[in-house]
Amino acid sequence: MDGDPAVESELDAFSLVFPLPFRVGFIATLAVWGWGLNLHYLYLAKVDVPSLIRYPGRSSPHHIPHHHSTYRLATVLSGLFAVSMVLFWLCTWGAASRVIDYDWIPMTYLAGIVAVFLVPLKNLPSGGRRRFLATLKRVSIGGIAEAQDGKFGDILLADVLTSYAKVCGDVFVTLCMFFTAGGSSTKRPDRSCGGTVVVPLLMGVPSAIRFRQCIIEYLRVRRAPYKESAGWGGQHLANALKYSTAFPVLVASALQRNTDDAAARAAYNRAWLVAVLVNSLYSFYWDVAKDWDMTLFASRRERNSSHHPWGLRDRLIFRPVIMYYAVIVLDLMLRCTWSLKLSPHLDKFSDFESGIFLIEFLEVFRRWVWIFFRVETEWIRNSSTGLGIDDILLGDYQGKDDDDE
């Protein structure tokens, strides 16, 4: 710190070392590394992810696998992060006034990330980046491709975006602070920048995207010529309802944060608690029962009708089997990180910038783990191949709706 109280009050210790723009870029870089690891492990497990998302396969065995291309992109982004971070530290030396004045360095870094995706680079394959941007453009308005055109890829990306809702809010806060007269993107983050409702609205956009996709899917089923085989689409409505439960959480949280009346704040806190509990438990149930096709929440008769491991399913690709139970428990725990606010010792944790960042990171990590099992499930639903010799195969999935998301 530089000893100037007027400056020190504008920065917390965490932002002094790791300002908000760098946190946004760091998580974006982690996302690319995570997708590369998803592709790599699933490739080793003989799960053909490109075919599931209708991405062109490699035409020659001499072409590098898709995960290698992703690793290249992640390496470039990591190099950009490291150079920018070191340059920023060398220029600021931990002085609060310099951290605020040199906010152009992390903002240039964020512009560099955008450029990596938009500008053709000789040593980086451009096909994957073009496909990602095209898919992002389609899903950003709640669009969804037909099954033969890559519907699963659209759903996967839109679901991932829901886990980056807080990061999307941070992007807006960063830009708002940077372009505000007399502001700086490296000050203490002002999450009311631009108004008290803008950030909550932006955080609700990913859930609104998936909500619209579910409604589109429902309408497609209703228009299908053979409704008796496709069902009436009720599962898509139930899925839409799941995403709609995110909105009361955001509304109650915003109302609670922006009132000075103690009684009103207590009432909004109770409403928030009910809303977040419903959202978390409903989402957890959907993860396990619908996204992963586990039988944990099925009736006892259905769970015991086959010889699969208790609470799981007939066909499993990953090993060891105990990992599935561990992931289910992990998913529940990370769905309920909000419960830290109920602890008398940890209730302020999520108010610290370091705590906010950790919660964002844990949600991104949860979604990364979720992808492995979501893709595995889709592969099992759509293919009779891709299974190793040790795979459990004790039943079939005839009658499963491959549109159940």
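Small disclaimer: the values here were computed from a predicted structure and weren't measured. (Residues numbered from 1 in each chain as written. Predicted model: local features only at pLDDT ≥ 70, side-chain atom pairs only at ≥ 80, totals over all residues. Heavy atoms only, no water.)

## Some thoughts on the overall build of the protein
Phase 1 of the analysis: Secondary structure summary: the protein contains 18 helices and two strands in total.
Phase 2 of the analysis: Burial analysis of the protein (405 residues in total) assigns 48% to the buried set.
Phase 3 of the analysis: Sequence separation of 24 or more characterises 71% of the internal contacts of the protein that already satisfy a separation of 6 or more.
Phase 4 of the analysis: As displayed, the protein has an accessible area near 20,200 Å², and 65% of this comes from carbon and sulfur atoms. (Helix = DSSP H or I, 4+ residues; strand = E, 2+ residues; numbered from the N terminus. Buried < 20%, exposed > 50% of the residue type's maximum accessible area, 1.4 Å probe, protein only. Contact = heavy atoms within 4.5 Å. Areas by Shrake-Rupley, 256 points an atom, 1.4 Å probe, with all protein chains shown as cover.)

## Things to note about the state of the cysteines
Phase 1 of the analysis: For the coordinates displayed, the defined rule picks out one disulfide.
Phase 2 of the analysis: Between the sulfur atoms of Cys176 and its disulfide mate Cys193 the distance is 2.0 Å. Negative torsions about the S-S bond denote left-handed disulfides, and the value of about -80° found for Cys176 with Cys193 makes this one left-handed. Highlighted residues: Cys176 in helix H10 (residues 165–179) and Cys193 in the loop between H10 and helix H11 (198–223), separated in sequence by 17 residues. Per residue, the accessibility class of Cys176 equals that of Cys193, and both read buried. (Disulfide = S-S within 2.5 Å.)

## Things to note about the nonpolar core
Phase 1 of the analysis: By size, the foremost hydrophobic cluster in this structure holds 59 residues, and its most contacted members are Phe22, Val47, Trp292, Phe318, Phe373 and Val375.
Phase 2 of the analysis: It is helix H18 (residues 353–382) that provides the largest number of residues to this core, a total of 10 residues.
Phase 3 of the analysis: Residue contacts for Phe373: discarding those within four places in its chain leaves Asp291, Trp292, Arg313, Phe318, Met323, Tyr324 and Val327.
Phase 4 of the analysis: The next biggest cluster of nonpolar side chains, apart from the first, holds nine residues, and it includes Met177, Cys193, Met203 and Leu250. (Core = buried A, V, L, I, M, F, W, Y, C linked by side-chain atoms within 4.5 Å.)

## With respect to the pattern of salt bridges
Phase 1 of the analysis: Under the defined criterion, the tally for this structure stands at 17 salt bridges.
Phase 2 of the analysis: In this structure, Asp154 and Arg138 form a salt bridge, with 2.7 Å as the shortest nitrogen-oxygen distance. Placement of the pair is Asp154 in helix H9 (residues 151–163) and Arg138 in helix H8 (residues 127–139), with a sequence separation of 16 residues.
Phase 3 of the analysis: Using a relative accessible area of 30% as the deciding quantity, one classes Arg138 as partly exposed.
Phase 4 of the analysis: One connected set of salt bridges, linked through shared partners, spans Asp287, Asp331, Arg335, Glu363 and Arg366. (Salt bridge = Lys/Arg side-chain N within 4 Å of Asp/Glu carboxyl O.)

## Side note on the packing of aromatic side chains
Centre-to-centre distance and the angle between the planes together describe a pair of aromatic rings.
Phase 1 of the analysis: Within this structure, the stated rule accounts for 27 aromatic pairs.
Phase 2 of the analysis: Each ring, one from Phe318 and one from Tyr324, has its centre 6.3 Å from the other, and the planes form 25°; the classification is stacked.
Phase 3 of the analysis: With a relative accessible area of 1%, Tyr324 lands in the buried category.
Phase 4 of the analysis: An aromatic cluster of three or more residues is present, and its members are Phe14, Phe18, Phe22, Phe26, Phe81, Phe88, Tyr109 and Phe357.
Phase 5 of the analysis: Sitting above the plane of the Trp286 ring, Lys290 keeps its charged end 6.0 Å from the centroid. (Phe/Tyr/Trp six-rings, centres within 6.5 Å; stacked < 30°, edge-to-face > 60°. Lys NZ or Arg CZ within 6 Å of the ring centre and 35° of its normal.)

## Looking at the confidence of the model for the protein
Phase 1 of the analysis: Residues at a pLDDT of 70 or more form 87% of the protein, whose mean pLDDT is 86.
Phase 2 of the analysis: When the elements of the protein are averaged for pLDDT, strand S2 (residues 392–393) gives the smallest value, 38, and helix H17 (residues 322–335) the largest, 97.
Phase 3 of the analysis: pLDDT under 50 marks residues 1–8. Its contacts with residues more than four places away, or in other chains, come to 13 contacts.
Phase 4 of the analysis: Below a pLDDT of 50 lies the segment residues 385–405, which in the model reaches 54 contacts outside its immediate sequence neighbourhood of four places, other chains included. (pLDDT = per-residue confidence, 0-100.)

## Examining the UniProt feature "transmembrane region" (unreviewed entry) in the protein
Phase 1 of the analysis: In the numbering adopted here, UniProt assigns the feature "transmembrane region" (unreviewed entry) to residues 20–44, 73–96, 102–121, 267–286 and 316–334.
Phase 2 of the analysis: Spanning residues 20–44, this segment combines 100% helix with 0% strand, and its end C-alpha atoms are found 36 Å apart. (UniProt positions renumbered as here; feature names shortened; annotations may be inferred.)

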